[in-house]
Amino acid sequence: RYNFREAMEALLEYCAQRFHDQTHVYVWNDAFVLNQHNADESVYTSAWFRGRFRSSIRAIGRVVLVLSPWEDPVPLKRVWCLWEIFCALDLQASGTSDPVRFEVFLSHAQQKDFRAAVLRDYDTITKLMTKVDLAKAEATRDADKQAIFEAVKATVGMHELDVRLKEYFRRWCFDQLEHAVADLGGREDIAAARGHNSLGLAYKSAGLHDKAEASHAAAVRLYEVLQGPLHLDTAQSYNNWALACGAMGEHVKAIDFHRKALAVRQQVLGEEHRDTAMSYNNLALAYLSRGVYDKAREHHHKAAVIREKVLGAEHRDTAQSYNNLALAYNATAAYDQALEYHHKALATREKVLGPEDEDTAASCNNIGLVYRSMHKYRTATKYLRRGLAIREKVLGPEHPVTAQSHNNLGLVYYATRQYGQAAECHGKALAIREKVLGAAHATTATSLKHLAAVCSKLGDADRAKRYRARAEASGEQARSAARPATAAS
């Protein structure tokens, strides 16, 4: 299914870049080494894929995935390829002194085209590159497919393989976007503005809010000069910068930029428009974070009215307004009203988006938190567990939002004196946060504090003391890391 010539030219380009002396560089090409048309089913068995196939990858030591063309990533749809990618990644992370090296490679022309596309529409490209579903992948022979399925089930499991590969390609796309923006240098054009905006959104999604704020600030400066302050692209950039500021706790600054975005949209689009509703919604969230609850409810209500009229009651944006109204009611302990709107949001999301969607998970999480506030812990646990299961499947086990679900479940277990389970949940949250966000992050410090409290309840004073010390150090590191960004803003 590859254009063979393009693939070989890309491989030659790879070798030229990676090896100064190519005299003793040897390439094993799947098409020539393995006869995938072999009719003897006794050759390629589950044991062969788990043994000989995997050991051969280890012996070769390097696997290069040539994406050509990247617009149609055929290897991500083929059973043999997905198993080979997984084996390579698993051996790369094996911790041995000589691990297998796995790389995704694009020819110079393909990489230029790919990075331009990433700058234009990062989310769409990331979704394209993370459409991994082993169960739906193809093979030339069904016997090979079944043998690989058996090998996967006997080792990592079908779901876990999908999750690991999705996470790898999500991170790879993120790296490509960073490189693409770096390649822009000091350019001051629309492509540069869009690139900074896309990178800011990617940083925010990864929980790197200080970097997100800097990227959106750069985007706003370019849009104001290139498009003018009353352009819709500028309004969107105001909105995104405001969201980044809010994530960093700079709520006054966030309110100011949300007001700017709202004013532009009201003037250009009018009051009854979905983007105007979005500005009302985001401004309300900023007021909520600031503790101005009457303003939060007022603006969420305006957003909900516009969305019901323009989009209808059964729309994901309308569900978002129901959810956010619930958050505003919950903030003032109006739990009955909060549950009413949270359940409306959940019902809409299940119907419109499906039972395994990130927004559905958020509704489950939020309902669980309300029940926790009402001390109805059994019901809270049910909803929080469901939210966690969805997030692990959709976002992956090593995502900051997944860590938040572990954290919330840990708080319920702590409140019900199930300290062993609380320690397990907070331990998982800590492991994710340290790996993804680093030690110098506020949420990492929070997990360490929770673990200290749990260890105290378990009677392990020494471990509690160590966790408290680490929490203090982590918190100070997070504050120190934030100071330069605050001073420069």
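Being a predicted model, the structure only gives us computed values, none of them experimental.

Some thoughts on the overall build of the protein
Argument step 1. When you go through the protein residue by residue, the secondary structure sums to 22 helices and 2 strands.
Argument step 2. Taking 489 residues into account, the globule formula puts the C-alpha radius of gyration at 23 Å, and the protein, at 25 Å, falls close to it.
Argument step 3. Viewed in the frame of its principal axes, the protein has a C-alpha envelope of about 70 × 60 × 45 Å.
Argument step 4. Put simply, 64% of the contacts in the protein that link residues at least 6 apart link residues at least 24 apart.
Argument step 5. Side-chain charges of the protein comprise 65 positive and 58 negative groups, with the mean position of each set lying 6 Å from the other.

Some details on the side chain of Ser237
Argument step 1. Mapped onto the elements of the fold, Ser237 is located in helix H11 (residues 232-247).
Argument step 2. When neighbours within four sequence positions are excluded, Ser237 is seen to be in contact with His216, Ala219, Val220 and Tyr223.

Considerations on the environment of Ser480
Argument step 1. Tracing the chain through its elements places Ser480 in helix H22 (residues 461-488).
Argument step 2. Residue class for Ser480 comes out partly exposed when judged on its relative accessible area of 32%.
Argument step 3. It is 8.4 Å that separates the C-alpha atoms of Ser480 and Ala440, two residues lying 40 residues apart in sequence.

Considerations on the packing of aromatic side chains
Argument step 1. Scanning the entire structure with this criterion turns up 23 aromatic pairs.
Argument step 2. Ring geometry for Trp70 versus Phe114: centroids 5.1 Å apart, planes at 85 degrees, classification edge-to-face. On the criterion of sequence distance, the pair formed by Trp70 in the loop between strand E1 (62-66) and helix H4 (79-92) and Phe114 in helix H5 (residues 108-120) is long-range, its members being 44 residues apart.
Argument step 3. Under the relative-accessibility criterion, Phe114 is labelled buried at 0%.
Argument step 4. Arranged with centres 5.4 Å apart and planes meeting at 70 degrees, the rings of Phe102 and Tyr168 form a pair that is edge-to-face. Here the residue Phe102 occupies a position in strand E2 (residues 101-105), and Tyr168 occupies one in helix H8 (residues 158-184), the gap between them amounting to 66 residues.
Argument step 5. Members of the aromatic cluster, joined through ring pairs, are Tyr44, Trp48, Phe49, Phe53 and Trp80.

Details of the pattern of salt bridges
Side-chain pairing between opposite charges can occur once the charged atoms of the two side chains come close.
Argument step 1. Throughout the structure, instances matching the rule amount to 27 salt bridges.
Argument step 2. As a salt-bridge pair, Glu138 and Arg78 come within 3.4 Å of each other at their nearest N and O atoms. One end of the pair, Glu138, is in the loop between helix H6 (122-129) and helix H7 (142-154); the other, Arg78, is in the loop between E1 and H4, with 60 residues separating them in the sequence.
Argument step 3. Note on Arg78: relative accessible area 17%, which makes it buried.
Argument step 4. Among the charged side chains, a salt-bridge network with shared partners connects Arg18, Arg62, Arg101 and Glu103.

Details of the pairing of E1
Argument step 1. Alignment of E1 against E2, held across 5 bridges, turns out to be parallel. Across the sheet, Leu65 pairs through a bridge with Val104, a residue of E2.
Argument step 2. For the handedness criterion, the β-α-β arrangement of E1, H4 and E2 is classed as right-handed.

Observations concerning the environment of Ile125
Argument step 1. Within the secondary structure layout, Ile125 lies in helix H6.
Argument step 2. Considering only alpha carbons, one finds Ile125 and Arg170, 45 residues apart in sequence, at a separation of 9.7 Å.
Argument step 3. Those residues within four positions of Ile125 in sequence are excluded, and the remaining contacts are Trp70, Phe114, Ala117, Val118 and Cys173.

A closer look at helix H3 (residues 46-60)
Argument step 1. Compared with the 21 Å implied by 1.5 Å per residue over 15 residues, the 21 Å span of H3 between its first and last C-alpha is a close match.
Argument step 2. Among the residues making up H3, those that are buried are Ser46, Trp48, Phe49, Phe53 and Ile57.
Argument step 3. The elements touched by buried residues of H3 are E1, H4 and H7.
Argument step 4. With its phi angle positive at about 90 degrees, Gly61 sits one or two positions after the end of H3.

Concerning the state of the cysteines
Argument step 1. Per the counting criterion, the structure on display carries 0 disulfides.
Argument step 2. The thiol of Cys15 is not disulfide-bonded; the next cysteine sulfur, from Cys81, is found 18 Å away.
Argument step 3. On the accessibility criterion, Cys15 (7% relative accessible area) is buried.

Section: helix H13 (residues 274-290)
Residue pairs three or four apart in sequence face the same way in an α-helix, which turns once every 3.6 residues.
Argument step 1. In this model, H13 (17 residues) spans 24 Å end to end at C-alpha, consistent with the 24 Å of a helix rising 1.5 Å per residue.
Argument step 2. Listed in full, the buried residues belonging to H13 are Thr276, Ala277, Ser279, Tyr280, Asn281, Asn282, Leu283, Ala284, Ala286, Tyr287 and Leu288.
Argument step 3. Buried residues along H13 sit in contact with H11, helix H12 (251-269), helix H14 (293-310) and helix H15 (316-331).
Argument step 4. Where H13 terminates, the next one or two residues include Gly291, which has phi positive at roughly 90 degrees.

Considering the packing of helix H18 (residues 377-394) against helix H19 (residues 400-415)
Argument step 1. Viewed as axis vectors pointing N to C, H18 and H19 meet at an angle of 160 degrees, and their least axial separation amounts to 9 Å. Accordingly, the angle class assigned to the pair H18 and H19 is roughly antiparallel. For the pair H18 and H19, the sense of crossing is left-handed. Counting all contacts with H18, which are made through Tyr377, Ala380, Thr381, Leu384, Arg385, Gly387, Leu388, Arg391 and Glu392, the residues of H19 involved are Val401, Thr402, Ser405, His406, Asn408, Leu409, Val412, Tyr413 and Ala415.
Argument step 2. Classifying every residue of the contact of H18 with H19 gives 9 nonpolar, 6 polar and 3 charged.

Some words on the side chain of Arg349
Argument step 1. As for its position among the elements, Arg349 is in helix H16 (residues 335-352).
Argument step 2. Not counting the four nearest positions on each side in its chain, Arg349 is found in contact with Ala319, Gln320, Asn323, Gly354, Asp359, Thr360, Ala362 and Ser363.

Topic: unusual backbone geometry
Most of the time, phi is negative for any residue but glycine, and the peptide bond is trans.
Argument step 1. Residues other than glycine seldom take positive phi values, yet Ala333 does so here, at roughly 65 degrees.
Argument step 2. In this structure, Ala333 sits in the loop between H15 and H16.
Argument step 3. Non-glycine residue His375 carries a positive phi angle of around 65 degrees.
Argument step 4. Tracing the backbone shows His375 in the loop between helix H17 (358-373) and H18.
Argument step 5. With a relative accessible area of 58%, His375 lands in the exposed category.

What counts and what doesn't
- Residues numbered from 1 in each chain as written.
- Predicted model: local features only at pLDDT ≥ 70, side-chain atom pairs only at ≥ 80, totals over all residues.
- Heavy atoms only, no water.
- Helix = DSSP H or I, 4+ residues; strand = E, 2+ residues; numbered from the N terminus.
- Rg over C-alpha atoms; globule rule 2.2 N^0.38 Å.
- Contact = heavy atoms within 4.5 Å.
- Lys, Arg positive; Asp, Glu negative; His and termini not counted.
- Charge placed at Lys NZ, Arg CZ, Asp CG, Glu CD.
- Buried < 20%, exposed > 50% of the residue type's maximum accessible area, 1.4 Å probe, protein only.
- Phe/Tyr/Trp six-rings, centres within 6.5 Å; stacked < 30°, edge-to-face > 60°.
- Salt bridge = Lys/Arg side-chain N within 4 Å of Asp/Glu carboxyl O.
- Pairing = 2+ DSSP bridges.
- Right-handed = clockwise from strand over helix to strand, strands pointing away.
- Expected span 1.5 Å × (residues − 1).
- Disulfide = S-S within 2.5 Å.
- Axes fitted to C-alpha atoms, helices over the stretch in contact; angles between N-to-C directions.
- Parallel < 35°, antiparallel > 145°, perpendicular 65-115°, else oblique.
- Left-handed = near helix turned anticlockwise from the far one by under 90°.
- Nonpolar A, V, L, I, M, F, W, Y, C, P; charged D, E, K, R; others polar.

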